[in-house]
Amino acid sequence: MRLVPSKLPLFVFEALGSLACGFYGNYVFFLFRDRHGFGDVGNLGVAALMGLVIALASWQGGRLAQRQGCIRTIYAGLFGMILALGIGAVFSTLPVQLAVLVLWAASQFMVWPALEALVTEGASGGGRAHLVGVYSVVWAACSALSYFLGGGLFERLGSGSIFWLPPGLHLLQVAVLWGFARDHGEPPAVLPVQARREGETHS
């Protein structure tokens, strides 16, 4: 089964986001180590905090996309990440950096549930499974690329690069999403599973 051409911009968007989020998400732990003296236990606590925020934000992000629309929710998440990293670039104190981490993680997981809904919108059965598979491969490949190239970039560009390189990629994402939205518009709101089933029952 071929990839639907109209979905290609979404996978480009996803690739850029995976690279950007992988760079900050992987190497912020080195920032806490080098600037704030965190050891393994301290960084484990940071990882646990990030995981908690991600769990809550992904749940709420999906609900927000249902209410406000996927594209609006994605824009909000992108600008939230850009804002968070911009604050992190200016204020280096530990409380601010922890707040930046929380805002960044929450904003990131406003993006991904809405993007997954856009990617699979209009597909069913084997087509949906194919798109989900492509989505997973793109994410994993670009996340791995970010991990393996990120160390060299972190050393060459300095630890501060985690605050300006990802926002640059996020701005490219904004451009890609704008082009997609111009051509395709906002899809119909994704109905909850139960509502869809009831609709199918009564149709």
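This write-up is about the structure you can find in this document. Note that the coordinates shown come from a computational prediction; the quantities given were computed from them, not determined experimentally.

1. Considerations on the nonpolar core
Within soluble globular proteins, side chains that are nonpolar generally end up buried alongside one another.
Right, so step 1: Tyr 24, Val 28, Ile 74, Trp 104, Leu 115 and Ile 162 are the most contacted members of the largest nonpolar core, which totals 47 residues.
Right, so step 2: Counting residues per element, the ones that place at least two in this core are α1 (8-36), α2 (40-68), α3 (70-90), α4 (94-120), α5 (126-157) and α6 (161-184).
Right, so step 3: With residues up to four places along the chain from it excluded, the contact list for Trp 104 reads Cys 21, Tyr 24, Gly 25, Met 50, Met 81, Ala 84 and Leu 85.

2. A closer look at the environment of Met 110
Right, so step 1: Position of Met 110 among the secondary structure elements: in helix α4.
Right, so step 2: We classify Met 110 as buried; its relative accessible area is 19%.
Right, so step 3: Distance from Met 110 to Ile 74, taken between C-alpha atoms, is 6.3 Å for residues 36 residues apart in sequence.
Right, so step 4: Not counting chain neighbours up to four residues away, the residues in contact with Met 110 comprise Gly 61, Leu 64, Thr 73, Ala 76 and Gly 77.

3. As for the side chain of Gln 108
Right, so step 1: Tracing the chain through its elements places Gln 108 in helix α4.
Right, so step 2: Gln 108 has contacts with Cys 21, Met 81 and Trp 139, leaving out every residue within four places of it along the chain.

Conventions used here
- Residues numbered from 1 in each chain as written.
- Predicted model: local features only at pLDDT ≥ 70, side-chain atom pairs only at ≥ 80, totals over all residues.
- Heavy atoms only, no water.
- Core = buried A, V, L, I, M, F, W, Y, C linked by side-chain atoms within 4.5 Å.
- Buried < 20%, exposed > 50% of the residue type's maximum accessible area, 1.4 Å probe, protein only.
- Helix = DSSP H or I, 4+ residues; strand = E, 2+ residues; numbered from the N terminus.
- Contact = heavy atoms within 4.5 Å.

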